[in-house]
Amino acid sequence: MAAAAPAPALMEELVEEVLLRFPPDDPASLVRAALVSKRWCRLVSGRCFRRRFRERHRAATVLGVICRMDDHAGLNNGEVSSFVPTGSFRPRRADRRDWVALDARHGRVLLLIRPLQSIPGFVVWDPVTREEWEVPPSPRCPHAWNAALLCAAGGECDHLDCRSGPFLVVVVASIGGRKTYVDLYSSEANAWTEQASVQHTGNNANAVDWLLSAGVLLGNSVYFMLRSHKEILEYNLCTLEISKIQLPPVSDRPNALAITANGRLGFYMIHNTKVYLWLREANPEGDARWARTTVIELETLLPAGALMDGVRVVGFVDGVSLMFVQTSNELFAIDLKSQQARKMCERHSWYTVIPYESFYTPALRAASTGEEYGAGASRS
């Protein structure tokens, strides 16, 4: 009796259509697909597939969060920036001791590499490809400052695959509460330039709060919380102007700035056991105004006893209804749409949490390291 003929191989077009539907928040599934056969490996690692995968899913998924916290085992009791995964992705060098995470955008992370020196120096890190780009130290010694990492192409880029392209580092800083200035680093020019400055009177209320809050990008402007927690500093990348936005009088100080899915600037504030989201709205009479739009009751979302020693919003995801709150020794991710909370990790003394959003395909790792596809990649 003749042996049965082997089943015909699936058409490559059908295989690709199936793989395109794999969830981007489980990158290990694409790694496993690449290990099925050389044909599947070639397909998944191809430039065309990577582009279609990004175009289909559009918004990059949150692969993890980078927690800035005390490092009592590190140099002079410094800080550690620890990568806490939300899924199957596990980067190497997940803990960066004595390095301070300041911002993350479009698949790259901005790290402060000399936190104990007065003049800040930076490195830009891609946790997926493991690439690093050193940035020369800032040309000045600021009193207080914050920094943001941006794609150099700005509005001309769809940000689906710009992780290896040119970038900008924006430093907004204060000197003694008397002057606020903006320095800009361009990776293309490999140089810093002063973009704007403004003199003012007053005290440290004019300083930028770099310790507890990350900046946000909306349109052509970067926004930072001022240390007074009564104003937001705006720097417009097109007009090169610095301006301030007055916050509404609230019972407690704002915790973190936020950008909604429909492109509105807001901030989170916690009072007792409730989280309030305030959004800036256009006013027909002229000036924009603030309105409280969302109230979240944490007692119904978090475990019993979690709120005994207070709670703080320590991070959020731009344009996504996902925020991170810290209790006395636990970190929770809260989905505002589903009203569900998930425990991320246990640790004391978080400063802030910076979400890391990126696409992951096996070819990204292989292209930068020369490894076999799937080698060294994480599995669920």
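Computed from a prediction, not measured in an experiment: that's the story for all the values here.

> Please explain the environment of Glu 132 as it appears in this structure.
Take Glu 132: it is sitting in strand S7 (residues 132-135). Among residues more than four places away in sequence, those in contact with Glu 132 are Arg 93, Arg 96, Trp 99, Val 123, Val 124 and Trp 125.

> When you look at the UniProt feature "domain: F-box" (unreviewed entry) in the chain in this model, what are you seeing that I'm missing?
According to UniProt, the feature "domain: F-box" (unreviewed entry) maps to residues 12-51 in the numbering used here. Split by type, residues 12-51 is 70% helix and 0% strand. Its first and last C-alpha atoms lie 17 Å apart.

> How do you make sense of the sheet that holds strand S21 (residues 322-326) when you look at a structure like this?
Paired through their backbone hydrogen bonds, the strands of a sheet run either parallel or antiparallel. Taken in spatial order, the four strands line up as S20-S21-S22-S23 in an open sheet, and their pairing is antiparallel. Strand pairing shows two members of the sheet lacking a second neighbour, strand S20 (312-316) and strand S23 (340-346), which therefore form its edges. Between one strand axis and the next, the sheet turns by 30 degrees as a mean value, whatever way the strands run.

> What is the right way to read the environment of Val 314 from this model?
Mapped onto the elements of the fold, Val 314 is located in strand S20. The buried category is assigned to Val 314, whose relative accessible area is 3%. Counting along the chain gives 18 residues from Val 314 to Phe 332, while the straight-line C-alpha distance between them is 9.8 Å. Setting aside residues up to four positions removed in sequence, Val 314 forms contacts with Phe 324, Val 325, Gln 326, Leu 331, Thr 352 and Val 353.

> I would appreciate a short explanation of the pattern of salt bridges in the present structure.
Enumeration over the complete set of coordinates arrives at eight salt bridges. Where Glu 297 meets Lys 274, a salt bridge forms, and the shortest distance between an N and an O atom there is 3.1 Å. In this pair, Glu 297 sits in strand S19 (residues 286-297) while Lys 274 sits in strand S18 (residues 274-283), placing the two residues 23 residues apart along the sequence. The salt bridge partner of Lys 343 is Glu 330, with a shortest N-O separation of 3.0 Å. Of the two residues, Lys 343 is situated in strand S23 and Glu 330 in strand S22 (residues 330-335); the sequence distance between them amounts to 13 residues. Lys 343 gets classed as partly exposed once you look at its relative accessible area, which sits at 38%. Overall, Glu 330 belongs to the buried group, its relative accessible area being 16%.

What counts and how
Residues numbered from 1 in each chain as written. Predicted model: local features only at pLDDT ≥ 70, side-chain atom pairs only at ≥ 80, totals over all residues. Heavy atoms only, no water. Helix = DSSP H or I, 4+ residues; strand = E, 2+ residues; numbered from the N terminus. Contact = heavy atoms within 4.5 Å. UniProt positions renumbered as here; feature names shortened; annotations may be inferred. Pairing = 2+ DSSP bridges. Axes fitted to C-alpha atoms, helices over the stretch in contact; angles between N-to-C directions. Buried < 20%, exposed > 50% of the residue type's maximum accessible area, 1.4 Å probe, protein only. Salt bridge = Lys/Arg side-chain N within 4 Å of Asp/Glu carboxyl O.

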